[in-house]
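Per-entry structural report
Each chain, written out:
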Amino acid sequence: MAREIHDHYFRQAKREGYVSRAAYKLIEIDDRKKILKPGARVLDCGAAPGGWLQVASRRIGPSGLAVGIDLKPITHQFPRANVRTLQGDLREIPASSLLPEPCPPEAGPDELREEGPGFLNDRPPLFTVILSDMAPSTTGDQNIDHHQSVRLCQTLLDRCRDLLADEGNLVMKVFEGEAYPDLLARCQRLFESAKGFRPKASRGESREMYIIAHGYRGRDVEPPPDEAAPPPRRRPAPGWGKR
């Protein structure tokens, strides 16, 4: 059955012009979770060969922008002008290489100028959506692969500080394992909401999960350690203090 599902999405991608069957994962995610909107500025991490960029390009429309980055070259020629591709390492590339040029300042240096989500003074516009289908080079050891996948996700969350606009949305893939609950918990602190989701187009044997997060808060507040918390106050039992 899993092989039949795989073949179904593979054949459907060929018919509909998608470069990867993975396009149907994002289609299902967006249909159900409403991540992409017309005019959105989207960063697609691990974008090769370009299936998610194809979906994003169609859904954000001509007023939006989809930027794809991958360690591998993205060779597909996108017919729409709202797609830009880069080859590089997200951990190293500066935000200025990913984002459009900043708007020329129209106010004095001490005045605040806002122009929609992600615009502040002369800063370049931030992305309103970050997508990630990134995965580490697998070793065959599920435990190793899981922790490497979680590290990629943690790095992406770190970079949200300088890439994702307030109230922005995030979709990222992770391999499930023992560190998954902590990763999800961090997303729930960073965003208004964050939940795991497994698309039907995922292969049956795959351990991949997608974290879908809405409403970026722009800060990661760690809960205080248990040992630092004051001990709870207890009401005295009846007769306490009597001799």
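Structure: above.
Cut-offs used in this document
Residues numbered from 1 in each chain as written. Predicted model: local features only at pLDDT ≥ 70, side-chain atom pairs only at ≥ 80, totals over all residues. Heavy atoms only, no water. Pairing = 2+ DSSP bridges. Helix = DSSP H or I, 4+ residues; strand = E, 2+ residues; numbered from the N terminus. Axes fitted to C-alpha atoms, helices over the stretch in contact; angles between N-to-C directions. Contact = heavy atoms within 4.5 Å. Salt bridge = Lys/Arg side-chain N within 4 Å of Asp/Glu carboxyl O. Buried < 20%, exposed > 50% of the residue type's maximum accessible area, 1.4 Å probe, protein only. Core = buried A, V, L, I, M, F, W, Y, C linked by side-chain atoms within 4.5 Å. Parallel < 35°, antiparallel > 145°, perpendicular 65-115°, else oblique. Left-handed = near helix turned anticlockwise from the far one by under 90°. Phe/Tyr/Trp six-rings, centres within 6.5 Å; stacked < 30°, edge-to-face > 60°. Disulfide = S-S within 2.5 Å. Right-handed = clockwise from strand over helix to strand, strands pointing away.

Overall, mixed pairing links the 7 strands, which are arranged β3-β2-β1-β4-β5-β7-β6 in an open sheet. The open sheet is flanked by β3 (83-87) and β6 (191-197), the only strands paired with a single partner. For this sheet the average axis-to-axis angle between neighbouring strands, irrespective of direction, equals 15 degrees. Alignment of strand β1 (residues 41-45) against strand β4 (residues 127-132), held across 4 bridges, turns out to be parallel. In the sheet register, Val42 faces β4, and the bridge partner there is Val129. Of the strands in this sheet, β5 (164-175), β6 and β7 (208-216) touch helix α6 (residues 180-190), which is tilted by about 150 degrees from β6.

This next bit is on the pattern of salt bridges. All told, the structure shown has 11 salt bridges when counted by the stated rule. Across the pair Asp133 and Lys173 runs a salt bridge, and its minimum N-O distance is 3.3 Å. Separated by 40 residues along the polypeptide, Asp133 in the loop between β4 and α5 (142-163) and Lys173 in strand β5 bring together distant segments of the chain. The residues Asp133 and Lys173 share a single accessibility class, namely buried. With its nearest N and O atoms 3.9 Å apart, the salt bridge here joins Asp158 to Arg161. Here Asp158 and its partner Arg161 are both found in helix α5, 3 residues apart, which amounts to about one turn of the helix. Taken together, the salt bridges that share partners define one network made up of Lys25, Asp133, Lys173 and Glu208.

Right, let's get into the nonpolar core. Among the nonpolar cores identified, the biggest contains 36 residues, and Leu43, Leu90, Leu98, Ile130, Met172 and Ile211 are the most heavily contacted of them. In terms of residue count, the dominant contributor to this core is α5 (6 residues). Discounting residues that sit within four places of it in the chain, Leu90 has contacts with Leu43, Cys45, Ile69, Leu98, Met134, Leu156, Arg159 and Leu163. If you look at the next biggest cluster of nonpolar residues, it comprises 30 residues, including Tyr18, Ala22, Leu53 and Ala66.

Bringing the packing of helix α2 (residues 23-33) against helix α3 (residues 51-60) into the picture now. It is at 7 Å that the axes of α2 and α3 come closest, and there the two elements cross at 40 degrees. Judged on the interaxial angle alone, α3 and α2 are oblique. Crossing of α2 over α3 shows right-handed handedness. Contacts between α2 and α3 pair Ala23, Lys25, Leu26, Ile27, Asp30 and Asp31 from the former with Gly51, Trp52, Val55, Ala56 and Arg59 from the latter.

Inspection of every chain in the model, using the stated rule, returns 3 aromatic pairs. Aromatic side chains Tyr18 and Tyr24 sit 5.5 Å apart centroid to centroid with 80 degrees between the ring planes, which places their arrangement in the edge-to-face category. Classification of Tyr24 as buried rests on a relative accessible area of 7%. Note on Trp52 and Tyr210: the rings are 5.8 Å apart at their centroids and 35 degrees apart in plane angle, and the pair reads as tilted. On the criterion of sequence distance, the pair formed by Trp52 in helix α3 and Tyr210 in strand β7 is long-range, its members being 158 residues apart. Here Trp52 and Tyr210 have matching classes, each one buried.

Moving on: the environment of Pro38. Among the secondary structure elements, Pro38 is positioned in the loop between α2 and β1. Of the residues examined, Pro38 reaches a relative accessible area of 72% and is grouped as exposed. Along the primary structure Pro38 and Leu65 are separated by 27 residues, whereas in three dimensions their C-alpha atoms are 9.6 Å apart.

On to the state of the cysteines. The full count for this structure, using the stated rule, is 0 disulfides. Between Cys160, a free cysteine, and Cys187, which holds the nearest cysteine sulfur, the sulfur-to-sulfur gap is 8.2 Å. Unpaired in this structure, Cys187 has its nearest cysteine sulfur neighbour in Cys153, at a distance of 7.5 Å. Take Cys187: its relative accessible area is 0%, and that puts it in the buried class.

Right, let's get into the pairing of β4. Burial runs high along β4: 6 of the 6 residues are buried. In terms of strand pairing, β4 meets β5 through 5 bridges, oriented parallel. Note that in β5 the partner of Ile130 across the bridge is Leu170. Handedness of the β4-α5-β5 crossover: right-handed.

Nothing here speaks to function; it is all geometry.
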